[in-house]
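Inside the fold
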Amino acid sequence: MNIGEELINYETVSLEEVNTWFKVASIEDFPENGGACAVYRGLQIAIFNFSRRNEWYATQNLCPHKQQMILARGIIGSQKNEPKVACPYHKKAFSLKSGKNLNGNECDLATYPVKVESGYVYVGFKE
Amino acid sequence: MKKVVVVGNGMVGYKFCEKLRSKASSDKIELVVFGEEPIPAYDRVHLSEYFSERSSEKLSMAPKNWYMENDVTLHTGELVTSIDRENKKVITHHGHEELYDKLVLATGSSALVPPITGVDKAGVFVYRTIEDLDNIISYGKNVKSAAVLGGGLLGLEAGKALMDMGLETHIIEFAPRLMPRQLDDHGSATLRQTLESLGLQIHLNKNTKEIRGNGKLERLAFNDGGNLEVDMLVISCGIVPRDEMATTCGLNTGPRGGVIVDNQLLTNDPDIYAIGEVALYNNMIYGLVAPGYDMADVVVNQLADGGKKEFKGCDMSTKLKLIGVDVGSFGDALGETPEAKTIVFEDEQQGIYKRINLSADGKRLLGGILVGDASQYNMLWQIMDNELALPPAPEELILGSRGDAGSDALGPLPDSAQVCSCENITKGDIVNAIKEGNLENVGQVKSCTKAGTGCGACSPMVADILNDTLKSMGKVVRKVLCEHFDYTRQELYDLIKIKNIKSYEDLLNTYGSGDGCEICKPAVASLMASIWNDLVTKQDTIQDTNDRYLANIQKGGSYSVVPRVPGGEITPDKLIVLGEVAKKYNLYSKITGGQRIDLFGAALEDLPKIWEELIDAGFESGHAYGKALRTVKSCVGSTWCRFGLHDSVSFAVEVENRYRGLRAPHKLKGAVSGCRRECAEAQSKDFGIIATELGWNLYVCGNGGANPQHAQLLAGDIDSETCIKYLDRFLIYYIRTAEPLNRTATWLNKMEGGLNHLKSVIIDDTLGICDELENDMQYMVDTYKCEWKEVVNDPKLRSKFSHFINSETGDPTQKFEEIRGQKIPAAW
C-alpha cells in the first residue's frame, strides 16, 4: 500500500474498518448545523457538524445525481428524526447516517466515521 | 367486433375517441379516424394563444402516440370526400376506402365568409385553423393595420391577437353591439369602453359593402358611404357546418346547413351519427365545445354500453377573459322570457356591468350578464341551473357582497349540480372522487375526475368543493410549512414579528419540532430577512447555497456575480471595471434579461476578492442570488426618446434603489416604461409602471416564466409619490401574506376576491393596515446595507468563502470548456 497515492473511489468505511484517523481541523473551524469540505489524498469528504443534535457525520462530497462536488454546502435537517442533507442543486436528500437516498432512485452516499478528540475533528479511512 | 369510423379530428372528434376508449377497448370496437388537417386535434378554444406561444404542441389535445397507444387508427391530412351508404364505406381524396359498421360525422364547421365583393383579394383571411394563423402571422409582419370582420367572441379574440402583433387593430361589427348574442347594449358599451382604452378601435353598425384595392386589400367600403384604410382583414363572423358530404349522400340537412339529428344524435341513416358543430339539433347549431362533448358522450353511451342516453340540448352560457376583461353571459342573458324582471349594476369608472334577470315572481334566476368582473359567474350559474331559492334581497348577488358569501351560496348545491360543463362532471362526482381516492389537492382532483381540464373556468369552484369536502371529512387544510412547523408562512411571519424572534434556532425551539430541513430553513431565513433586515450570512447554514455565498451557483460548482445596475443605466467607466474584473478572473460575461451584466464561473474563494474590486468601483450587490428584489428595468424614456412622456429611467433608478435588498417569498422584478409602447415590458413584471399623459399607471402581479401572466392595473394616472406609496403597501402586503415561493401572480390568483380585494386593501385601506405597511417598508429602506460590503470588510465572514476547510486551494475537479471565445462549465 502506497500512502502517497490518491484515492479515487468513495467507499463506505465502518468504524471497525478504520485504520487511519485523519485529523481535519479544529471544531471552531466548522459552521454550526452545517457542513464543510475536507480533502484527504485527493478525496473530497463532506463533514457535517450537526450541533443541534450534538452529532457529527461525514459523507462523500460528490452528489451522485449530477456528479457535482457540492454536498458540504447542502442544508442539513431531519426527516422523521433521520438526519439528512439536501443537495443544493436539485434538493435530492440523503440520510447522513446510512447515506441512503431518501426521495428517489439516486445512488446512495458513501459514509465515513467521525470522531472528535481534544477539540479536533477526525475522519476515519481504511488506508 | 364493431368498427366505428369517425370523420373529423377536431376537439369533439378527439373527445369522442377519448370517451369511447375509456369505455371500450380495441378488442370490442375498432376505431378509425380521418382528419383533413396535417396535425392531430388541437384546442381551437385557445387558438389565440398560438400567437404568443407559436407552438401547436401546446394546443394539442393529445400527441400522435396517444392514438397509437390507444389503438386508434388516425389518418391525418386525409379528407373524406364521399360516403357510400349502401356499401357502408367512406372514400377519401386519396381514393382510400374504409368500411364501417357505425359512422360518426364530426366534421365541424368552417368560417362563414360573407359574399362581399373583393373577398378574394390578398390580405383577407379567416380565423379558424393553425394554418390560417400561420398565414395571418406571416402577412402581418409586413403591414401596419388590420381589421376583424365580426365583433363576436371569436372576432374579439382575433382582434387581441392582431393587437399583440403590434398592428393598429379595428373591429367591425354589423350589429349595433359587440357579442350581440351574449350581451345587451349596456354590457356591450361597457366592454367597448374598456377595449378601446386598451387600443382596439371598434366600429358598430357597419355593413361592409366592398373590399377594395389593387390586387391586395387596401380599404373597406361601408354601406353608409364610409371607408376604412386597412392593410389586412380577418373574417370571423360565424360558422358554416361542414355538411357537404352529408348532403351528397342523401342525409337530411337543414335549410341553413347542418346535418339533422334526433336526440340520440342519429341522422336519418340509423348507422350514421353527427356530433359537434356539424349537427343540427332542434334547429340549432351549437357553436361551443361543451355541447359537442355532451354529444360525444351520448353517442359513446350507445355504442359502447348499448345505453339510451339522450341529448337534451345544452346551455349556451359562457364565461371568458377577453383581452383581460372578464365577460360572462348565462341562461336568458337578454331577459327575453315574458315578464322577466331585471336588476342592473353599473360602475362606469371601473368598467363593470352586471345584470341578472329574474322570473316574474322574483323567485328564480333566469340568466344574466357580467362584464368587467365575472367572479360571481359560477355561483350565479349554479343558482340558475339548480333553481335554488334566491335570497330575500337578490341584488346582493351582484353587488359584490363581502366575506366568503361565494362559498356560502354554494353550500346548498345538490350533488347532481354540474360543475365542469366541458367534461360534464357533477359536484357529486368530485366529492366521491375526493373521498374514495383520498385526494388532497386540486391537481389530484383534476387528473382523477378531469374536472377543470377543459376551459378551466370551474377551477376555483373545484378548489372550493375540495376544501369543503376535506373540512367535512375533518381534515385540516392549513398549508403548514413542513413537518417541523405546524404553522403557515403567514402565521410564522406574525410570530417572528410579535415575539421578536431573531434566530432560526430560537424559532424552532419555541414553535417547531425536530431539526428543521431544506424547506423551513430558507423559508424562515427569508421571513427574518423580510422582517429584521439583518445580514443573511450571520445565519449562513439556514440559507440556500445562493444566499449562503451571496452568489448564484452554476453547473460545476462555480458561482456567478451580478452587481446592481439600477434601471439598467451604467457609465462607461463602470462598464470598463466590469470588463476588467471579468478579464482578471476569467469570467464568462453575459447581459441578463434584467438589463444587468452577469459574470459566470467565479470560484468560491475568489468571490470576496471580486467583490472588493467591484465595491471599490462603486458597485453594490444585485441580489440576483436572493428571493429578493432583482431589477427595475427601464426604457430610455423622455430624456432621449421622441415618444417618451416621462423620465422612466430616473423613476426606475429611484424605485430600484428604494427596494434594493428587499427579501420576499420569491424573486421580485419591476419595470418602468416611458409610454404605452411599453419597451420595458412592465406588464410582465411583479410591478410595472407605465407613463401616461397624466402620470403613471401602476400594474401588479405579472410574471414571465413557465406560466406567463400579464400584470393587472392597480391604479391609473397617479403621481410618483402615490405610486411609491401604493408600491410600499403592495410589496409588504405580499411579503406578509404569500405562501413560500409563490410569486405575486400566483399569490393574486389564490387571493379571495382577487384584484378587487387587493385594490380595496392597498388603495381604500379597508383592512386599516396601510400605515403599518408603509412603516414596515420605511424600516426596510432605512436599514438597507450592501451585503457584499459587509462581508468584504469582515475577515471572519470572508474566511467562510473557501472550498476546503483544510486546504487553501480551490476545487480541483471544476472543469471548463470553451464556447465562442469564453469559458463554460463542462457538461454534466
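Residues numbered from 1 in each chain as written. Chains lettered and ligands numbered in written order. Predicted model: local features only at pLDDT ≥ 70, side-chain atom pairs only at ≥ 80, totals over all residues. Heavy atoms only, no water.

**A look at the overall build of chain A**
To be explicit about the condition: Every helix listed is a DSSP run of H or I at least four residues long, and every strand listed is a run of E at least two residues long, numbered separately from the N terminus. All radius of gyration figures rest on C-alpha atoms, and the globule criterion is 2.2 Å times the number of residues raised to 0.38. Here's how the labels work: a residue is buried when its accessible area is under 20% of the maximum for its type, exposed when over 50%, partly exposed in between, all with a 1.4 Å probe on protein chains only. Two residues qualify as a contact provided that any one of their heavy atoms is within 4.5 Å of a heavy atom in the partner residue. For the purpose of counting charges, residues Lys and Arg are taken to be positive, whereas Asp and Glu are taken to be negative. His and the chain ends are not included. Where a charge lies is defined by one atom per residue type, namely NZ (Lys), CZ (Arg), CG (Asp) and CD (Glu).
Secondary structure assignment for chain A yields zero helices and twelve strands. Compactness check: chain A gives a C-alpha radius of gyration of 14 Å against a globular reference of 14 Å for 127 residues, within 12% of the reference. On the principal axes, the C-alpha backbone points of chain A span a range of 40 × 30 × 25 Å. Within chain A, buried positions represent 55% of all 127 residues. Across chain A, every contact between residues at least 6 apart in sequence was considered, and the portion connecting residues at least 24 apart equals 51%. For chain A, the distance from the average site of its 14 positive side-chain charges to the average site of its 14 negative ones is 9 Å.

**Details of the packing of helix α15 (residues 489-498) of chain B against helix α17 (residues 520-532) of chain B**
Relative orientation and spacing of two packed helices are given, respectively, by the angle between their axes and the distance between those axes. Residue and element names in this part refer to chain B. Basically, it comes down to this: Lines are fitted to the C-alpha atoms to define the axes, a helix being fitted only along its stretch in contact, and any angle between axes, read from their N-to-C directions, falls within 0 to 180 degrees. Relative orientations are named as follows: roughly parallel for angles under 35 degrees, roughly antiparallel for angles over 145 degrees, roughly perpendicular for angles from 65 to 115 degrees, and oblique for any other angle. Each crossing is labelled by how the near helix is turned from the far one, with a counterclockwise turn of less than a right angle marking it left-handed and a clockwise turn marking it right-handed. In this count, Pro and Cys sit with the nonpolar residues alongside Ala, Val, Leu, Ile, Met, Phe, Trp and Tyr, while Asp, Glu, Lys and Arg are called charged and the others, Gly among them, polar.
For the pair α15 and α17, the least separation of the axes is 10 Å and the interaxial angle reads 50 degrees. Judged by the inter-axis angle, α15 sits oblique to α17. Seen along the crossing, α15 lies across α17 with a hand that is right-handed. Contacts between α15 and α17 involve Arg-489, Leu-492, Tyr-493, Ile-496 and Lys-497 from the first element and Leu-527, Met-528, Ile-531 and Trp-532 from the second. Within the contact of α15 with α17, the residues separate by chemical class into seven nonpolar, no polar and two charged.

**A few points about the side chain of B:Thr129**
Residues and elements named next belong to chain B. Tracing the backbone shows Thr-129 in the loop between β9 (124-126) and α5 (130-140). The class of Thr-129 is buried, set by a relative accessible area of 16%. The residues touching Thr-129, leaving out its near neighbours within four places in the chain, are Glu-37, Tyr-42, Arg-44 and Leu-47.

**A few points about the interface of chain A and chain B**
Let me state the cut-off plainly: Each of two parts loses accessible area, computed with a 1.4 Å probe, when they are put together; buried area is these two losses added. Salt bridge, as used here, is a side-chain nitrogen of Lys or Arg placed within 4 Å of a carboxyl oxygen of Asp or Glu. Side-chain atoms alone can form a polar contact between residues adjacent in sequence; in general such a contact is a pair of N or O atoms within 3.5 Å, and within protein one must be able to donate a hydrogen while the other accepts it.
Taken together, the contact pairs 39 residues of chain A with 35 residues of chain B. With both chains or domains summed, chain A and chain B bury close to 2,800 Å², and 50% of this area falls on carbon and sulfur atoms. It is A:Arg52, A:Arg73 and A:Ile75 in chain A that bury the most area against chain B; as a group they hold 29% of the surface buried on that side. The salt bridge involving B:Glu505 is made with A:Arg52; its shortest N-O contact spans 3.1 Å. Our enumeration of links across chain A and chain B arrives at 25 residue pairs in polar contact (both at pLDDT 80 or more). Counting residues per element, the side of chain A that touches chain B draws most heavily on strand β2 (residues 34-40) of chain A, at six residues. In the side of chain A that touches chain B, the residues fall into 18 nonpolar, twelve polar and nine charged.

**Some thoughts on the domain arrangement of chain B**
Put simply, the test is: Segment limits for the domains were obtained from an automatic or database-derived domain assignment.
Taken domain by domain, chain B consists of domain 1 (2-109 + 240-305), domain 2 (124-237), domain 3 (414-477) and domain 4 (489-543). For domain 1 of chain B versus domain 4 of chain B, the separation of C-alpha centres amounts to 58 Å.

**With respect to the pairing of strand β26 (residues 365-371) of chain B**
Residues and elements named next belong to chain B. To be explicit about the condition: Pairing between strands is defined by DSSP: at least two bridges between them are needed.
Buried residues dominate β26, accounting for seven of its seven residues. As defined by bridge partners, strand β23 (residues 325-331) adjoins β26 across five bridges and the pair is classed as antiparallel. Directly across from Phe-330, in β26, lies its bridge partner Gly-368. Pairing analysis gives six bridges linking strand β25 (residues 352-358) to β26, with the strands arranged antiparallel. Its bridge partner being in β26, Lys-354 is matched across the sheet by Leu-370.

**Section: helix α20 (residues 607-616) of chain B**
Residue and element names in this part refer to chain B. Heads up, the rule is: Relevant arc is that of directions from the helix axis to the C-beta atoms, nothing else.
When we look at burial in α20, the residues that qualify are Leu-607, Pro-608, Ile-610, Trp-611, Leu-614 and Ile-615. Viewed along the axis of α20, the buried residues span an arc of 155 degrees, placing them on a single side of the element. On the buried face of α20, the contacting elements are α18 (545-549), β30 (559-561), α19 (572-584), β32 (597-602), α26 (787-792) and α27 (795-798). Phi for Gly-618, located one or two positions after α20, is positive at around 95 degrees.

**Overview of α5(B)**
Residues and elements named next belong to chain B. Among the residues making up α5, those that are buried are Ile-130, Asp-132, Leu-133, Ile-136, Ile-137 and Gly-140. Looking straight down α5, one finds that the buried residues subtend no more than 150 degrees of arc, so they occupy a single side. Those residues of α5 that are buried are in contact with α2 (49-53), α3 (56-59), β9, α6 (153-164) and β16 (233-235).

**Let's talk about the nonpolar core**
Residue and element names in this part refer to chain B. We apply this condition: Nine residue types can take part in a nonpolar core, namely buried Ala, Val, Leu, Ile, Met, Phe, Trp, Tyr and Cys, and a core is a set of them joined through side-chain atoms within 4.5 Å.
If you look at the biggest cluster of nonpolar residues, it comprises 72 residues, and the most contacted ones within it are Phe-16, Ile-83, Leu-103, Leu-105, Leu-265, Ile-275 and Ile-430. Ranked by residues supplied to this core, first place goes to helix α9 (residues 289-305) with eight residues. Both domains that furnish three or more residues to this core are identified here as domain 1 (2-109 + 240-305) and domain 3 (414-477). Those residues in contact with Leu-105 that sit more than four places away from it in its chain are Val-7, Ile-83, Met-245, Ala-246, Leu-251, Ile-272, Tyr-273, Ala-274, Ile-275 and Val-278. Among the nonpolar cores identified, the runner-up in size contains 63 residues, and Leu-492, Ile-689, Ala-691 and Ile-762 belong to it.

**Side note on the sheet that holds strand β12 (residues 201-203) of chain B**
Residues and elements named next belong to chain B. Reading across the sheet, the five strands line up as β9-β16-β10-β11-β12 and stay open at both edges, with parallel pairing between neighbours. Only two strands of the sheet have a single partner each, and these edge strands are β9 and β12. Here the strands of the sheet are splayed against their neighbours by 25 degrees on average, with no regard to which way each runs. Sheet contacts for α5: β9 and β16; angle to β9, the most-contacted strand, approximately 150 degrees.

**Observations regarding the environment of B:Asn9**
All names here are of chain B. Note that Asn-9 resides in the loop between β1 (2-7) and α1 (11-23). What makes Asn-9 buried here is its relative accessible area of 11%. Here the alpha-carbon distance between Asn-9 and Ser-634, two residues 625 residues apart in the chain, equals 47 Å. When near neighbours in sequence (up to four residues on either side) are disregarded, Asn-9 contacts Tyr-14, Val-33, Phe-34, Gly-35, Pro-40, Ala-41, Tyr-67 and Leu-74. Among the polar contacts made by the side chain of Asn-9, one reaches the main-chain amide nitrogen of Ala-41 at a distance of 2.9 Å.

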